[in-house]
Amino acid sequence: MAQTSSLLLLVAFMLVIDVSLAGGEGSLTKAECPKACDYRCSNTQYRNACLDFCNLCCEKCLCVPSGTYGHKEECPCYNNWKTKKGGPKCP
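Residues numbered from 1 in each chain as written. Predicted model: local features only at pLDDT ≥ 70, side-chain atom pairs only at ≥ 80, totals over all residues. Heavy atoms only, no water.

## A word on the packing of aromatic side chains
Applicable threshold: Centre distance within 6.5 Å is the pairing criterion for rings of Phe, Tyr and Trp, where only the six-membered ring of Trp is used; planes under 30 degrees apart are then read as stacked, over 60 as edge-to-face, and the remainder as tilted. In this scheme, Lys NZ or Arg CZ marks a charge over a ring once it lies within 6 Å of the ring centre and within 35 degrees of the ring normal.
Considering all chains together, one arrives at 0 aromatic pairs under this definition. It is K60 that lies over the ring of W81; its NZ or CZ is 4.1 Å from the centre. Taking the ring centre of W81 as reference, the NZ or CZ of K89 above it sits at 5.4 Å.

## A word on the layout of surface pockets
Unfilled space is identified by rolling a water-sized probe across the atoms. Going by this rule: Only protein atoms enter the calculation, which uses a 1 Å grid: trapped sets of points that fit a 1.4 Å probe without letting it out are cavities, open sets showing protein on both sides within 12 Å along at least five of seven lines are pockets, and any residue with an atom within 4 Å of a point is a lining residue. Grid points are joined across faces, edges and corners, and a volume is the space filled by probe spheres set on the points.
There is about 150 Å³ of room inside the largest pocket. Lining the largest pocket we find R40, C41, N43, T44, C50, T68, Y69, G70, K72, P88, C90 and P91.

## A word on the nonpolar core
Selection criterion: We define the nonpolar core as a collection of buried residues of types Ala, Val, Leu, Ile, Met, Phe, Trp, Tyr and Cys that are connected through side-chain atoms lying within 4.5 Å of one another. Relative accessibility decides the category of a residue: with a 1.4 Å probe and only protein chains considered, values under 20% of the type maximum give buried, values over 50% give exposed, and everything between is partly exposed. Where helices and strands are cited, they refer to DSSP runs of H or I of at least four residues and of E of at least two residues respectively, numbered from the N terminus. Residue contacts are defined here by distance: any two heavy atoms, one from each residue, within 4.5 Å place the two residues in contact.
C37, C41, C54, C58, V64 and Y78 are the most contacted members of the largest nonpolar core, which has 15 residues in total. Those elements giving two or more residues to this core turn out to be helix 2 (33–40) and helix 3 (47–61). Counting residues per element, this core draws most heavily on helix 3, at 6 residues. Not counting chain neighbours up to four residues away, the residues in contact with V64 comprise L28, A36, C37, R40, C54, C58, C75 and Y78.

## Focus on unusual backbone geometry
With a phi close to 55°, L62 is a non-glycine residue in the positive phi region. Assignment of secondary structure puts L62 in the loop between helix 3 and helix 4 (76–80). Since its relative accessible area comes to 27%, L62 is described here as partly exposed. Although it is not a glycine, H71 adopts a positive phi angle of roughly 60°. Relative to the assigned elements, H71 resides in the loop between helix 3 and helix 4. You can call H71 partly exposed: its relative accessible area is 39%.

The following block contains the structure:
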């Protein structure tokens, strides 16, 4: 019984660590931004503009949301950075 409890506790601890280290603010280094932005901008017809702004946002926030669209809630800094007109700055 004690071994089972210890094993379950260990598995739960490993899942918490895995979730806490995946994505989110500061999860990337500046050197990792180009690759993350290359994927983020892979499905847009405005690729050059997307890459420019994505890399700018990544260098500031050290985070790029997963996928090619949406999921901005994963990176609050990335999500909350707005243009002068109040629109989203980061793709």
